[in-house]
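# Examination of the molecular architecture
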Amino acid sequence: MSSYCGSNVMYSFLVQGAMSVPVDHHEQDAENSSRKIVAGLFMSLDGVVNSLEASPKKWGSNEMNETIAAGVAQADTVLLGTRTYKMLAQFWQHQSDDLPMARFLNHSDKYLVSSTITEDMLEWQPASLIKGKLFEEIMKLKQQPGKNIQIPGSPKLVRSLLQNGLLDELRLNICPVVVGSGMRLFDEITNHVPLHLVDSKAYSNGVVGLTYRI
């Protein structure tokens, strides 16, 4: 795992852990017939998503984390890639429910997209492995009752969902830096993917938050 991936996800959740994040797993958003899959990432101006130079550890702020926490409060399910699941599990499954973010992560249903982990390896519960064809399984998950499905980190998973038309909302925090090299979110996407800007916010530290509906 790159040092960025760990710091990116961990920093965001650690900061939010001190905030009030209301969680009600029995509350259903009656206005939506289908749940949304929402991803949030920090990214450099040149599209790199795995650099410490464009990470929340360097650019995060209380102002920004209030926005992130508000988005997390709209979710009750977590969708993860292998590395993110392992990294979050190491820390959060040992934290008390006194921390709102620990309460959210530890009690939310977690769905893991992985080809290297089996069901008996899912120590951080409640958790399930996405089996079968990704498109079909994700569509089934979206049709289940509940709030939004949140993806913390997991840039490769986000890219795959984006390319296959499975992502509903993409929240990018664009950091004012050009990294030059690294994993770019949109690399390997060969088809046309229209993004519709629904919200934007310029933060005092120069980061620009952009929310796209897909």
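Residues numbered from 1 in each chain as written. Predicted model: local features only at pLDDT ≥ 70, side-chain atom pairs only at ≥ 80, totals over all residues. Heavy atoms only, no water.

Right, let's talk about the packing of aromatic side chains for a bit. Following the criterion strictly, the structure yields 2 aromatic pairs and no others. With a centroid separation of 4.8 Å and an interplanar angle of 90 degrees, the aromatic rings of F91 and W92 are classed as edge-to-face. Judged by its relative accessible area of 1%, W92 falls in the buried class. In this structure, K110 is placed above the aromatic ring of W124, and the distance from its NZ or CZ to the ring centre is 4.6 Å. (Phe/Tyr/Trp six-rings, centres within 6.5 Å; stacked < 30°, edge-to-face > 60°. Buried < 20%, exposed > 50% of the residue type's maximum accessible area, 1.4 Å probe, protein only. Lys NZ or Arg CZ within 6 Å of the ring centre and 35° of its normal.)

This part covers helix α6 (residues 134-143). Residues lying three or four places apart along an α-helix face the same way, a consequence of the helix completing one turn every 3.6 residues. Listed in full, the buried residues belonging to α6 are I138, L141 and K142. Summarising the axial view, the buried residues of α6 lie within an arc of 100 degrees, below the 170-degree limit, and thus occupy one face. Opposite the packed face of α6, turned more than 90 degrees from it, sit the exposed residues K140 and Q143. Looking at the buried side of α6, the elements it contacts are β1 (37-44), β2 (75-81), β3 (109-113), β5 (148-152) and α7 (155-163). (Helix = DSSP H or I, 4+ residues; strand = E, 2+ residues; numbered from the N terminus. Arc of directions from axis to C-beta. Contact = heavy atoms within 4.5 Å.)

Residue P126 follows Q125 across a cis peptide bond; omega there is -5 degrees. Following the sequence through the fold, P126 ends up in the loop between β3 and β4 (127-129). Although it is not a glycine, S154 adopts a positive phi angle of roughly 55 degrees. Within the secondary structure, S154 sits in the loop between β5 and α7. Here S154 falls in the buried class, since its relative accessible area comes to 6%.

Quick look at the confidence of the model for the protein now. On average, residues of the protein score 85 in pLDDT, and 85% of them are at 70 or above. In the predicted structure, residues 14-32 sits below a pLDDT of 50 and forms 34 contacts with residues beyond four places in sequence or in another chain. (pLDDT = per-residue confidence, 0-100.)

Further remarks concern the sheet that holds strand β6 (residues 169-175). Read across the open sheet, the 8 strands follow the order β4-β3-β2-β5-β1-β6-β8-β7; overall the sheet is mixed. Each of the sheet's edge strands pairs with one partner strand only, and the pair in question is β4 and β7 (196-202). The average angle at which neighbouring strand axes cross in this sheet is 25 degrees, direction not considered. The pairing of β3 with β4 spans 3 bridges and is parallel. Along β4, the bridge assignment pairs K110 with A127. The sheet contacts of helix α4 (residues 82-92) involve β2, β3, β4 and β5, and relative to β2 the element is tilted by about 115 degrees. (Pairing = 2+ DSSP bridges. Axes fitted to C-alpha atoms, helices over the stretch in contact; angles between N-to-C directions.)

Now for the pattern of salt bridges. Overall, the coordinates contain 10 salt bridges when judged by the stated rule. Salt-bridge contacts for E169 lead to K36; the nearest nitrogen and oxygen are separated by 2.9 Å. Highlighted residues: E169 in strand β6 and K36 in the loop between α1 (3-17) and β1, separated in sequence by 133 residues. Ionic contacts of the salt-bridge type, sharing partners, join the residues K36, E169 and R171 into one network. (Salt bridge = Lys/Arg side-chain N within 4 Å of Asp/Glu carboxyl O.)

The next thing to look at is the environment of M43. With respect to the secondary-structure elements, M43 resides in strand β1. Sequence separation between M43 and I174 is 131 residues; the distance between their C-alpha atoms is 5.0 Å.

Right, let's talk about the nonpolar core for a bit. L79, I151, L161 and L167 are the most contacted members of the largest nonpolar core, which has 26 residues in total. Taken together, the elements giving at least two residues each to this core come down to β1, α6, β5, α7, β6 and β8 (208-213). Ranked by size, the runner-up nonpolar core spans 19 residues in total, among them A89, W92, M101 and F104. (Core = buried A, V, L, I, M, F, W, Y, C linked by side-chain atoms within 4.5 Å.)

To continue, consider the environment of M101. Looking at where M101 falls in the secondary structure, it is placed in helix α5 (residues 100-107). The exposure class of M101 is buried, given its relative accessible area of 0%. In the structure, M101 is positioned 32 residues away from A69 in sequence and 9.0 Å away in space, judged by C-alpha atoms.

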